[in-house]
Amino acid sequence: MALTTASAPVVPEQPGRRAPAAGKQRGPGGGHGRQGVAGYVFLSPWLLGLMGVTAIPMLLSLYLSFTDYSVFSSWEDVEWIGLENYREMFTGDPQFYRAVTVTLVYALVMVPLKLAAALAVALLLNRAWRGVGLFRGLFYLPSLLGGSVALALVWSALFAGDGAVNEFLAFFGITGQAWVNDPDYALGTLIILGVWQFGAPMVIFLAGLKQVPVELYEAASVDGASPSRQFWHVTMPMLSPVIFFNLVLETIRGFQGFTSAFVVSNGTGGPVDSTLLYTLYLYKRGFAEFEMGYASALAWVFLAAIGILTVVLFSTGRFWVHYADGNDR
Amino acid sequence: MTAPAVARLATIRRNRFTIGQAVRLAVLIAGLLLVLYPLAWVIGSSFKSDAEIASNISVLPTEFTASHYTAGWNSFDVSFTRFFINSSVIALLTVVANAVSCLVAAYAFARLRFPMRGFWFAIMIGTLLLPGDVLIIPQYIVFNTLGWIDTPLLPLIVPKALATEAFFVFLMVQFMRGIPRDLDEAATIDGCSPYGVFWHVILPLSRPALVTTAIFSFIWTWNDFFTQLVYLNDLEDYTVPIALRLFIDSTGQSSLGAMFAMSVLSLLPVFLFFVAFQRMLVEGINTSGLKG
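A quick note: this is a predicted structure, and the numbers were derived from the prediction, not measured.

Okay, the overall build of chain B next. When helices and strands are counted, chain B shows 15 helices and 0 strands. Here chain B holds 292 residues, and 55% of them are scored as buried. Long-range pairs, those at least 24 residues apart, make up 65% of the contacts in chain B with a sequence separation of at least 6. Put simply, chain B shows about 12,000 Å² of open surface, and 66% of that area lies on carbon and sulfur atoms.

Laid out in structure tokens, this is it:
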């Protein structure tokens, strides 16, 4: 709340005593210049950030992706090697393919499970009743804590050889194993961690469900539609823009999992590269092995992949996302 | 009439309300227990003896001990006092820098007419989709070239003061669009410049958006690992998440209790924020798709 006053130094107050003419500001002439200057004054921090923190670094990294650069090299020593990094990546680096596979499996398994859980719980929590707010809040809690190191540590303890999960399984006579240390299962534990945080898409689903007009259900039941037909022919089409929104958001986030994989594997992506998510591999090459040029190339391939993915998602969306009239979502 | 899932459950049963609701409630409670178990377990385990942590899946300790908290606090050459101070300083500076810079940028986008406004707005939306992981290498190189790496506060705070968190800019633009334009016009007629409108009209009315932004940027910064891992190289500068990671680095299973105790403490600020702002957080992400 102290924040409101924190904005104080940014803008000098100007009472502006000039003769105010009503409506003049909105015209194409006069007021435009004044607002034009003010616009750029207010925009200046963002513009600086765009240039200094986003655009220039990105162009620099594009350049460096064609060089053999490590943070230790001085700028005179930067050697242009053309497409060598990219060639190496696609033809001489099995770990690159490993990272791509791990990331794809992670996202393709986790995102649908997460969205299904989110939708199921949202449907159950849709109607207002006493205490529903508490349930919504508690289901959302893991999403808030989810990205933290603490929970990744808890996860490795839960799924360790002598961890609580195996104790639980022993209850049913199943002998578990050290899940986090087994190349076949380590990624699975990360997927469960990701699905566990279904609260954020759930809340978005809840908002979407609220916007489905009640009359549609009434009309459908008058026409004799069974509850399952109502679900498939009313709820799902009406909800499709929200499903799409969640799908895009969670897919992109799914491609960026880093903390849990880093912590569970102690920064290695192990066991046997089974949790080597792409971002983790990028970090390893860039900051553990100091091959910034190669890491820059990895980053640009990643960026291109996310761009392509977004385009693909949006173009398939046309076939199943239903936008009701006046729905500007 | 009813939500479809409820309707489905209800028609299976003859007695629409009581049985349908009971089944739904049972499913929800079962789900909730499953979701909350890991959190309850880590809190309970932080009070268990070392031998008990690994083998006991129950939440409550059989023998209660608080010794992990004192031991954990002093596990490393630098105590957790320092790590918590570092985390707090970084989080608070980030919150203020982020809120101020995003607010002024949002005001320009939402309210002012200036040349190329549409173009810049499109760029801003584009940066929303830009993954932070892609930017970290080039940013590191730039900050390294500027010699900022030895003063780790600069690379962590400066980007926030320059409104690079496009998400919050977007959130505030959306919020400001809901503030009636009549108010701007009235203030303009009364002689306010665009700066005066910002100061007297938009800033006071943007308080809810500012609070939402502050809460989320605090939580995100507190939980952040990637950026801090990259820029903090000196034990003295470590934040809580980076320090927590030392537990798996150095000591292994023997200090599980200490690790859990510090994990619980690290989650505490976020949890307290959650309790205090639960309503706002859950409602706040409705429109925006925020995520922790």
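Having put the structure on the table, let's press on.
Turning our eyes to something else, we now look at the environment of glycine 137 of chain A. Secondary-structure assignment places glycine 137 of chain A in helix H5 (residues 132-145). Of the residues examined, glycine 137 of chain A reaches a relative accessible area of 0% and is grouped as buried. With 64 residues separating them in the primary sequence, glycine 137 of chain A and serine 73 of chain A have C-alpha atoms 50 Å apart. Other than its neighbours up to four places away in sequence, glycine 137 of chain A contacts Phe274, Gln278 and Val282 of chain B.

Among the 11 residues of helix H9 (residues 166-176) of chain B, 8 are classified as buried, and the element is accordingly described as predominantly covered. All buried positions along H9 of chain B are accounted for by Ala166, Phe167, Phe168, Val169, Leu171, Met172, Val173 and Met176 of chain B.

Note: interface size is frequently given as the accessible area lost on complex formation between the parts. At the interface, 118 residues of chain A touch 119 residues of chain B. A buried area of about 10,600 Å², summed over both sides, lies between chain A and chain B, and 76% of it is on carbon and sulfur atoms. By the criterion of area lost to chain B, the three top residues of chain A are Phe42, Trp46 and Arg127 of chain A, representing 8% of everything that side buries. There are 0 salt bridges connecting chain A and chain B. Residue contributions to the side of chain A that touches chain B peak at 26 residues, all from helix H2 (residues 31-64) of chain A.

Right, let's talk about the domain arrangement of chain B for a bit. Residues and elements named next belong to chain B. Once the domains are mapped, chain B shows domain 1 (3-68) and domain 2 (71-286). Placing the centre of domain 1 and that of domain 2 at their C-alpha centroids yields a distance of 33 Å. On the domain 2 side, the residues contacting the 9 residues of domain 1 number 10 residues. Surface buried jointly by domain 1 and domain 2 totals about 750 Å² across both partners, of which 74% is contributed by carbon and sulfur atoms. Where domain 1 meets domain 2, there are 0 salt bridges. Considering each element in turn, the side of domain 1 that touches domain 2 owes the most residues, 4 residues, to helix H2 (residues 16-45). For the side of domain 1 that touches domain 2, the residue count by class is 4 nonpolar, 4 polar and 1 charged.

Before going further, it helps to examine the UniProt feature "transmembrane region" (unreviewed entry) in chain A. Residues and elements named next belong to chain A. Those residues carrying the UniProt feature "transmembrane region" (unreviewed entry) are residues 40-66, 104-125, 137-158, 185-209, 230-249 and 295-321 in this numbering. Between the first and last C-alpha atoms of residues 230-249 the distance is 27 Å; the span itself is 100% helix and 0% strand. Across residues 295-321, helical content stands at 96% and strand content at 0%; the span's end C-alpha atoms are separated by 37 Å.

Under the present numbering, the feature "domain: ABC transmembrane type-1" (unreviewed entry) in UniProt falls on residues 100-313 of chain A. Taken as a whole, residues 100-313 of chain A contains 72% helix and 0% strand, while its terminal C-alpha atoms sit 18 Å from one another.

Turning next to the packing of aromatic side chains. Enumeration according to the criterion identifies 55 aromatic pairs over all chains in this entry. With centroids separated by 5.1 Å and ring planes inclined at 45 degrees, the aromatic side chains of tryptophan 155 of chain A and tryptophan 196 of chain A adopt a geometry described as tilted. On the criterion of sequence distance, the pair formed by tryptophan 155 of chain A in helix H6 (residues 149-158) and tryptophan 196 of chain A in helix H8 (residues 186-196) is long-range, its members being 41 residues apart. Overall, tryptophan 155 of chain A belongs to the buried group, its relative accessible area being 2%. Ring centres 5.9 Å apart and planes at 55 degrees place the aromatic pair phenylalanine 143 of chain B and tyrosine 231 of chain B in the tilted group. Linking phenylalanine 143 of chain B in helix H7 (residues 132-145) with tyrosine 231 of chain B in helix H13 (residues 226-231), this pair joins segments that are 88 residues apart in sequence. Exposure class is identical for phenylalanine 143 of chain B and tyrosine 231 of chain B. Each is buried.

This part is about the confidence of the model for chain A. Chain-level statistics for chain A give a pLDDT mean of 83 and a share of 88% at 70 or above. Mean pLDDT across the elements of chain A ranges from a minimum in helix H1 (residues 3-6) of chain A, with 31, to a maximum in helix H4 (residues 94-124) of chain A, with 95.

Another aspect to go through is the nonpolar core. Of all hydrophobic cores here, the largest spans 191 residues; its most connected members are Trp46, Phe139 and Met202 of chain A. Residues lining this core come from more than one domain, with at least three contributed by each of domain 1 (3-68) and domain 2 (71-286) of chain B. Ignoring any residue separated from it by four or fewer positions in sequence, one finds methionine 202 of chain A in contact with Ala118, Val121, Ala122, Leu125, Arg136, Phe139 and Tyr140 of chain A.

Moving on, we come to unusual backbone geometry. Residue aspartate 273 of chain A is not a glycine yet carries a positive backbone phi of 60 degrees. As for its placement among the helices and strands, aspartate 273 of chain A is situated in the loop between helix H12 (259-264) and helix H13 (278-288).

Parameters at a glance
- Residues numbered from 1 in each chain as written.
- Chains lettered and ligands numbered in written order.
- Predicted model: local features only at pLDDT ≥ 70, side-chain atom pairs only at ≥ 80, totals over all residues.
- Heavy atoms only, no water.
- Helix = DSSP H or I, 4+ residues; strand = E, 2+ residues; numbered from the N terminus.
- Buried < 20%, exposed > 50% of the residue type's maximum accessible area, 1.4 Å probe, protein only.
- Contact = heavy atoms within 4.5 Å.
- Areas by Shrake-Rupley, 256 points an atom, 1.4 Å probe, with all protein chains shown as cover.
- Buried area = accessible area lost by both parts, 1.4 Å probe.
- Salt bridge = Lys/Arg side-chain N within 4 Å of Asp/Glu carboxyl O.
- Domains from an automatic or database assignment.
- Nonpolar A, V, L, I, M, F, W, Y, C, P; charged D, E, K, R; others polar.
- UniProt positions renumbered as here; feature names shortened; annotations may be inferred.
- Phe/Tyr/Trp six-rings, centres within 6.5 Å; stacked < 30°, edge-to-face > 60°.
- pLDDT = per-residue confidence, 0-100.
- Core = buried A, V, L, I, M, F, W, Y, C linked by side-chain atoms within 4.5 Å.

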